[in-house]
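# Topology and contacts: notes
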Amino acid sequence: LLREEAAPFSTAGHPKAKGLEATVSFPKSWRRKEAARPNVVQTFHAPSRNDLIIAGMILVYAAPGLTRELVEMLDPDDFLHENELREFLPKGATLQRGGTTSIDGTTAIWAEYSAKMERVGLELYVRSLTFCIFCDEKVLALTFSAGAPAKSQEDADAAFEVGLPLFRRIAASTVLVSKWKR
């Protein structure tokens, strides 16, 4: 998958993007799907392998008052406190690790976490990596996950580790078009 050709997805004009324009390139073999949830702009699913699910999501949240300039003035360590990172995680998730990085020259935080969840009677184990990029009083969140039935936790962990370089490459492909239009 690391050598697979990528196809850019643009949030331009998408109502869930809340005016934030960005492009992110996912592997061409990943199926795109419109999401039903209000902040999820788009989901991407890798071709299925047995019970494993490998997916990515683009989310946009409004963050009034949280400008790029304000984020860049803050001490990155402020974001790295476990209590602060937990605000960006799903309820019940276990934080594995986190940090700060730069995506398209903009401060971003990242968190790696795992969670057990139940959906329509099926127990799932999911391991995820989320990047939160701050731009124009919005948060662009890129979430990548490997999941499997809870009894196959080792399979999901192994798929996540194999996918980690690809997840990072996808995140690194992000261009914050809104930032460059100013």
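All values derive from a computational prediction rather than experimental measurement.

## Here we look at the confidence of the model for the chain
Confidence in the prediction of the chain, expressed as mean pLDDT, is 86, and 87% of residues score 70 or more. When the elements of the chain are averaged for pLDDT, helix H2 (residues 76-80) gives the smallest value, 59, and strand E2 (residues 23-27) the largest, 96.

## What to know about the pattern of salt bridges
Under the criterion given, the structure shown has six salt bridges. For lysine 28, the salt bridge is made with glutamate 5, and the minimal N-O distance between the two is 3.2 Å. Residue lysine 28 is located in the loop between E2 and strand E3 (31-33), and its partner glutamate 5 is located in the segment before strand E1 (6-10); the two are separated by 23 residues in the primary sequence. Accessibility classification places lysine 28 together with glutamate 5 in one group, the exposed group. For arginine 127, the salt bridge goes to glutamate 161, with nearest N and O atoms at 2.6 Å. Here arginine 127, found in strand E8 (residues 122-135), pairs with glutamate 161, found in helix H4 (residues 153-172); they are 34 residues apart in sequence, far enough to count as distant.

## Quick notes on the pairing of strand E5 (residues 53-62)
One ladder, built from five bridges, connects strand E4 (residues 40-45) with E5; its direction is antiparallel. Each bridged residue has a counterpart across the sheet, and for phenylalanine 44 the counterpart in E5 is glycine 56. In this structure, E5 lies alongside strand E9 (residues 138-149), joined through ten bridges in antiparallel fashion. Opposite tyrosine 61, over in E9, you have valine 139 as the bridge partner.

## Examining the side chain of serine 178
With respect to the helices, strands and loops of the structure, serine 178 is situated in helix H5 (residues 177-181). The exposure class of serine 178 is buried, given its relative accessible area of 11%. Those residues within four positions of serine 178 in sequence are excluded, and the remaining contacts are Gly19, Leu20, Glu21 and Asp136.

## A word on the sheet that holds E4
Strand order in the open sheet formed by seven strands is E3-E4-E5-E9-E8-E7-E6, and the pairing between neighbours is antiparallel. Since the sheet does not close on itself, it has two edges, and those belong to E3 and strand E6 (94-103), each with one partner. Strand-to-strand twist in this sheet, taken as the mean axis angle between neighbours without regard to direction, amounts to 20 degrees. Pairing geometry for E3 and E4, over three bridges, is antiparallel. In the strand pairing of E4, lysine 33 is matched with threonine 43. H4 contacts E5, E6, strand E7 (106-119), E8 and E9 of the sheet and is inclined by roughly 20 degrees relative to E8.

## Side note on the pairing of E8
The buried fraction of E8 is high, at twelve of 14 residues. Two strands pair when backbone bridges link them, and E7 and E8 are joined in this way by twelve bridges, in the antiparallel orientation. Among the inter-strand pairings, tryptophan 110 is bridged to a residue of E8, identified as phenylalanine 131. The hairpin formed by E7 and E8 contains two residues between the paired strands, and valine 120 there has a positive phi angle of roughly 40 degrees. Bridging between E8 and E9 involves twelve bridges; their strand directions are antiparallel. Residue cysteine 132 lies in a different strand from E9, and its bridge partner there is alanine 141. Counting the residues that bridge the hairpin from E8 to E9 gives two residues, and of these aspartate 136 lies at a positive phi of roughly 50 degrees.

## Focus on the side chain of serine 114
Along the chain, serine 114 falls in strand E7. Residue serine 114 is classed as buried on the basis of its relative accessible area of 9%. One polar contact links serine 114 to glutamine 96, side chain to side chain, over a distance of 2.8 Å. Residue contacts for serine 114: discarding those within four places in its chain leaves Ala93, Thr94, Gln96, Tyr125, Val126 and Arg127.

Parameters and conventions
- Residues numbered from 1 in each chain as written.
- Predicted model: local features only at pLDDT ≥ 70, side-chain atom pairs only at ≥ 80, totals over all residues.
- Heavy atoms only, no water.
- pLDDT = per-residue confidence, 0-100.
- Helix = DSSP H or I, 4+ residues; strand = E, 2+ residues; numbered from the N terminus.
- Salt bridge = Lys/Arg side-chain N within 4 Å of Asp/Glu carboxyl O.
- Buried < 20%, exposed > 50% of the residue type's maximum accessible area, 1.4 Å probe, protein only.
- Pairing = 2+ DSSP bridges.
- Contact = heavy atoms within 4.5 Å.
- Axes fitted to C-alpha atoms, helices over the stretch in contact; angles between N-to-C directions.
- Polar contact = N/O pair within 3.5 Å; in protein donor to acceptor, adjacent residues only side chain to side chain.

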